[in-house]
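Architecture at a glance
Spelled out, the chains give:
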Amino acid sequence: MAKNLRWGGILFAGAITAMAGFVDGVGFVHFGGYFLSFMSGNSTRSSAALMTGDLTGWINAMSLVASFVIGVVIATLLTSSLAALRRPLAMYLSAGLLLAAAATGTVQPNATALLLSAAMGVVNVSYTRSGEVALGLTYMTGTLVKLGQALGGAILGLVTGSNQGVNRLLWLRYAVLWAMITVGSLGGVFAYLHLGLGSLWIVGAGMLLWATLALFQELRAKADPRSGPATANTDRQRID
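Residue numbers run consecutively from 1 along every chain, following the written order of its sequence. Only residues with pLDDT of at least 70 are given local features in this predicted model, and only at 80 or more are side-chain atom pairs given and counted; all residues enter the totals for whole chains, interfaces and linings. As a rule here, side-chain values cover all heavy atoms of the structure and leave hydrogens and water aside.

Quick look at the overall build of the protein now. Secondary structure elements are defined from DSSP: runs of H or I of at least 4 residues count as helices, runs of E of at least 2 residues count as strands, and each element is numbered from the N terminus. Secondary structure summary: the protein contains nine helices and two strands in total. Counting from the amino terminus, the protein carries its helices and strands in the arrangement α-α-α-α-α-β-β-α-α-α-α. Out of the 240 residues belonging to the protein, those deemed buried represent 45%. Each accessible area value is a Shrake-Rupley result obtained with a 1.4 Å probe; residue values ignore everything except the protein chains displayed when judging cover. Summing over all exposed atoms, the protein offers an accessible surface of approximately 11,500 Å²; the carbon and sulfur share of this is 69%. Relative accessibility under 20% of the residue-type maximum defines a buried residue, over 50% an exposed one, and the middle range a partly exposed one, all with a 1.4 Å probe and only protein chains included.

To estimate how far a helix should extend, the number of its residues minus one is multiplied by 1.5 Å. The end-to-end C-alpha distance of helix 3 (residues 55-79) is 36 Å, a good match for the 36 Å that 25 residues give at a rise of 1.5 Å each. All of the buried residues in helix 3 are Gly57, Ala61, Leu64, Val65, Ser67, Phe68, Gly71, Ala75 and Thr79. Residue contacts follow a heavy-atom distance rule, with two residues in contact if any of their heavy atoms lie within 4.5 Å. On its buried face, helix 3 is in contact with helix 2 (39-51), helix 4 (86-104) and helix 5 (109-123).

In this section: the packing of helix 4 against helix 5. Between N-to-C directions, angles cover 0 to 180 degrees, with each direction set by a line fitted to C-alpha atoms, over the stretch in contact for helices. With their axes 8 Å apart at the nearest point, helix 4 and helix 5 run at an angle of 165° to one another. In terms of axis orientation, helix 4 runs roughly antiparallel to helix 5. Once helix 4 is placed against helix 5, the crossing between them reads as left-handed. Here Ala90, Met91, Leu93, Ser94, Leu97, Leu98, Ala100, Ala101 and Thr104 of helix 4 come into contact with helix 5, specifically with Pro109, Ala111, Thr112, Leu115, Leu116, Ala118, Ala119, Met120, Val122 and Val123. Grouping the amino acids of the contact of helix 4 with helix 5 by side-chain chemistry returns 16 nonpolar, three polar and no charged. If an angle is under 35 degrees, it is roughly parallel; if it is over 145, roughly antiparallel; if it lies from 65 to 115, roughly perpendicular; otherwise it is oblique. Left-handed describes a crossing whose near helix is turned anticlockwise from the far helix by less than a right angle; the clockwise case is right-handed. Here the term charged refers only to Asp, Glu, Lys and Arg, the term nonpolar to Ala, Val, Leu, Ile, Met, Phe, Trp, Tyr, Cys and Pro, and the term polar to all other amino acids, Gly among them.

In this structure, Ile16, Met91, Leu98, Leu116, Leu200 and Met207 are the most contacted members of the largest nonpolar core, which totals 45 residues. Top element by residues in this core is helix 1 (residues 7-30). It accounts for eight residues. When neighbours within four sequence positions are excluded, Met91 is seen to be in contact with Phe12, Ile16, Val123, Ser126, Met207, Trp210, Ala211 and Ala214. Definition of nonpolar core: a set of buried residues of the types Ala, Val, Leu, Ile, Met, Phe, Trp, Tyr and Cys, connected through side-chain atoms within 4.5 Å. Ala150, Leu170, Tyr174 and Ala175 belong to the second-largest nonpolar core, a separate cluster that totals five residues.

Here we take up the confidence of the model for the protein. With 86% of its residues at a pLDDT of 70 or more, the protein has an overall mean of 84. Across the chain, each position has a pLDDT score giving the predictor's confidence in that residue, from 0 to 100. With pLDDT under 50 throughout, residues 228-240 is counted as low confidence; its partners more than four residues away or in other chains account for 48 contacts.

So, on to the side chain of Asn42. In this fold, Asn42 is placed in helix 2. Taking the relative accessible area as the measure of exposure, Asn42 reaches 0% and is therefore buried. The contacts of Asn42, once residues within four sequence positions are left out, are Tyr34, Phe35, Ala61, Leu64 and Val65.

Here the focus is the packing of aromatic side chains. Aromatic pairs are defined between Phe, Tyr and Trp rings, using the six-membered ring for Trp, whenever the two ring centres lie within 6.5 Å; interplanar angles under 30 degrees are classed as stacked, those over 60 as edge-to-face, and all others as tilted. All told, the structure shown has three aromatic pairs when counted by the stated rule. Relative to Phe38, the ring of Phe35 has its centre 5.2 Å away and its plane inclined at 90°; by these criteria the two rings are edge-to-face. Taking the relative accessible area as the measure of exposure, Phe35 reaches 22% and is therefore partly exposed. What links up through ring pairs into an aromatic cluster is the set Phe28, Phe35 and Phe38.

Moving on to the environment of Ala66. Looking at where Ala66 falls in the secondary structure, it is placed in helix 3. With 48 residues separating them along the chain, Ala66 and Leu114 place their C-alpha atoms 8.7 Å apart.

This next bit is on a nonpolar patch on the surface. A surface patch of nonpolar side chains, about 590 Å² in accessible area, is lined by Leu50, Met51, Leu55, Trp58, Ile59 and Met62. Sorting the residues of the nonpolar patch by element identifies helix 2 and helix 3 as the ones contributing at least two each. Among the elements that take part in the nonpolar patch, helix 3 stands out by supplying four residues, more than any other. Tracing the chain through its elements places Trp58 in helix 3. On the basis of relative accessible area, Trp58 is assigned to the partly exposed category, the value being 31%. Nonpolar side chains (Val, Leu, Ile, Met, Phe, Trp, Tyr) within 5 Å and like charges within 9 Å form the patches, drawn only from residues with over 30% relative accessible area and no salt bridge. We define a salt bridge as a contact between a side-chain nitrogen of Lys or Arg and a carboxyl oxygen of Asp or Glu at a distance within 4 Å.

For the coordinates displayed, the defined rule picks out one salt bridge. Between Arg87 and Glu218 there is a salt bridge, with the nearest N and O atoms lying 3.8 Å from each other. Of this pair, Arg87 sits in helix 4 while Glu218 is found in helix 8 (residues 200-223), placing the two residues 131 residues apart along the sequence. Overall, Arg87 belongs to the buried group, its relative accessible area being 1%.

Moving on, we come to the packing of helix 1 against helix 7 (residues 170-195). Contact pair helix 1 / helix 7: the axes reach a minimum separation of 6 Å and the direction vectors enclose 35°. Along this stretch, helix 1 crosses helix 7, giving a crossing that reads as right-handed. In terms of residue class, the contact of helix 1 with helix 7 is built from 17 nonpolar, nine polar and one charged.

And the structure:
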């Protein structure tokens, strides 16, 4: 959870979230309103398409949902025995899928969409605790709920002086994550309008760079546990 991360970890996770927003922004415009990281939206769209007789729309939406889940399954299987390197490995796999999507963009657009959705599923395995995802990176509804709860607790603490508002700035962590996916989607749409699907090379390279940074942080923490990494690897006992 975001409350268990230091600010370095929040910013690290926020950068991944921004990349997810970038992908969603590109995909939403290019593929006509389908989501590549927000599967609740695709689920609703699939139902609407089915009930209005749009079989193609239903297939498109459900294919993206299936690809997302398959990405999660693959990443879980590949990283299950490598907990210490789970985060960078999941991110490297996501980067590979993003770059593959960029390479197929002008040749196989349907494959591009499925690869991008799978990449978003994969990267969500980066933050796992007790075998389950602890921090959703590509969907913000739960984050907004926690933001509201934390903000409500802060207000209650100020009004009543109770301990419920003791961490009165906790809501800022959730606000940052939401802001990052929003800014990322703005960047994705802007890049798409200027570069088309070529903009996917940007996010693929970004994920590759961020995965390498995560790997360096993991290796440094392993070599010197007392040093305490400054990024998303902070507080391993509580997150992984």
